Every structure is written in structure tokens, then in C-alpha cells.
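Coordinates in review
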Amino acid sequence: MQANTFDLTLEEAYMLSPYVKHFVFTPAIPLEYIPGHFITFHIEHDEKILRRSYSIANAPRLNGQIELAAGF
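Residues numbered from 1 in each chain as written. Predicted model: local features only at pLDDT ≥ 70, side-chain atom pairs only at ≥ 80, totals over all residues. Heavy atoms only, no water.

Here Q65 lies in the loop between strand 4 (48–55) and strand 5 (66–71). You can call Q65 buried: its relative accessible area is 16%. Within the structure, the side chain of Q65 is placed 3.4 Å from the side chain of T26, a separation counted as a polar contact. Here Q65 is in contact with E11, V24, F25, T26, P27, Y33 and N58, once residues within four sequence places are set aside. (Helix = DSSP H or I, 4+ residues; strand = E, 2+ residues; numbered from the N terminus. Buried < 20%, exposed > 50% of the residue type's maximum accessible area, 1.4 Å probe, protein only. Polar contact = N/O pair within 3.5 Å; in protein donor to acceptor, adjacent residues only side chain to side chain. Contact = heavy atoms within 4.5 Å.)

Have a look at this one:
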């Protein structure tokens, strides 16, 4: 199955706890999703492409923003 790709703009990021950060993104295109769907980030690092998947943490909104929480 072909994956859809799109750009995201980071709008906000803040710590929820000492080890969990909350991110709010606005996608370049409108997305249809339900809570629990996931997106995979393709991140270039040291000339390699890293792939990391995260569950979408919010219900769909009129403004189209996507929220994620990541632990580290």
C-alpha cells in the first residue's frame, strides 16, 4: 500500500511531565482521521532516514491540527 506524505508545521510544544512532551502540528493538507490513528515521521539524521510512528492524541478539529505526545 502506498503511503501518503505531507508536510507538517510545528505550532506548539511543551512538557506534560519530566519525560513526556506534547506537540501540536498543522498539516499542509486537510487530513481525515480518528483518534488512535497514527502518523509516521521520516526524519533525516546522520545521512539516514529514521522512521518514528506516533498515535494521534486528539479528536479531529475544524482547524485541522494534530496533537501528539512523545516520551523520552
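Having seen it, we continue.
Turning to the nonpolar core, a few remarks are in order. Residues F25, Y33, I39, F41, I56, I66 and L68 constitute the largest nonpolar core, which totals seven residues. For this core, the secondary-structure elements that each account for two or more residues are strand 3 (38–45) and strand 5. Setting aside chain neighbours within four positions, we find F25 in contact with L8, T9, L10, E11, F41, Q65, I66 and L68. (Core = buried A, V, L, I, M, F, W, Y, C linked by side-chain atoms within 4.5 Å.)

Attention now goes to the environment of H45. Inspection of the secondary structure assignment puts H45 in strand 3. In this structure the side chain of H45 is engaged in a polar contact, spanning 3.2 Å, whose partner is the side chain of D46.

This brings us to the confidence of the model for the chain. On average, residues of the chain carry a pLDDT of 89, and 97% of them reach 70 or more. Ranking the helices and strands of the chain by mean pLDDT puts strand 1 (residues 8–17) first, with 95, and strand 3 last, with 90. (pLDDT = per-residue confidence, 0-100.)

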